[in-house]
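Analysis of the macromolecular model
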Amino acid sequence: MSDLAPDVFRAAVGRLPAGVAVITLRWRGTLQAMTASAITSVSLEPPMLLFCVHTDARFRDALDDVDTWSVSVLADDQAHTADWLASPGRPAIDQLARVPHRPAPVADAVWVDGAAAWFDCRTASVHRAGDHDIVVGSVLLAEQGAAGAGGLVHLRGRIHPVR
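Criteria and thresholds
- Residues numbered from 1 in each chain as written.
- Predicted model: local features only at pLDDT ≥ 70, side-chain atom pairs only at ≥ 80, totals over all residues.
- Heavy atoms only, no water.
- Helix = DSSP H or I, 4+ residues; strand = E, 2+ residues; numbered from the N terminus.
- Buried < 20%, exposed > 50% of the residue type's maximum accessible area, 1.4 Å probe, protein only.
- Areas by Shrake-Rupley, 256 points an atom, 1.4 Å probe, with all protein chains shown as cover.
- Lys, Arg positive; Asp, Glu negative; His and termini not counted.
- Charge placed at Lys NZ, Arg CZ, Asp CG, Glu CD.
- UniProt positions renumbered as here; feature names shortened; annotations may be inferred.

Looking at an unreviewed UniProt entry, one finds the protein chain named Flavin reductase, with Cellulomonas fengjieae as its source organism.

In structure tokens:
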């Protein structure tokens, strides 16, 4: 066990820029979504991604029952979407009602319209890591958005557009 205070760690790791994406899935007939900045490519052969989710999150509970999910890599003009889907206490029902989206081609999930890129994935493994779980997914489909789309970066507790 580390003697490192959580606020000291949070402040230091906040200096590590991280891309911002929305992960979606359908659970018990309802679309679920979460904003993630702990997401990365794992492998090219085979193509795999990972994201991290808090062990107490409703989204984490859904992953026990659902094996496909989608990733929308948010574009530089979608900070409002990232903020909304990261808001604690947002409604479990219709949380995507104010976010333009469309059905994902492969996963039983949705893609956020206007994103910089999208992925449909199937869970390959889940690993406990402290108060989060690492979800590794096999990429079933990948697509790029508009050629000029930028992205969002989470840095020092804030979301910043980048081009």
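Back to the write-up after that little detour.
**Brief notes about the overall build of the protein chain**
Counting its regular elements, the protein chain contains 3 helices and 12 strands. When the backbone C-alpha atoms are referred to their principal axes, the protein chain occupies close to 45 × 40 × 35 Å. Expressed as a percentage of its 163 residues, the buried residues of the protein chain come to 41%. Here the protein chain has roughly 9000 Å² of accessible surface; of this, 55% comes from carbon and sulfur atoms. Positive and negative side-chain charges of the protein chain, numbering 14 and 18 respectively, have mean locations separated by a distance of 5 Å.

**Here's the deal with the UniProt feature "domain: Flavin reductase like" (unreviewed entry) in the protein chain**
As annotated in UniProt, the feature "domain: Flavin reductase like" (unreviewed entry) corresponds to residues 13-161 in the numbering used here. Split by type, residues 13-161 is 9% helix and 52% strand. Its first and last C-alpha atoms lie 19 Å apart.

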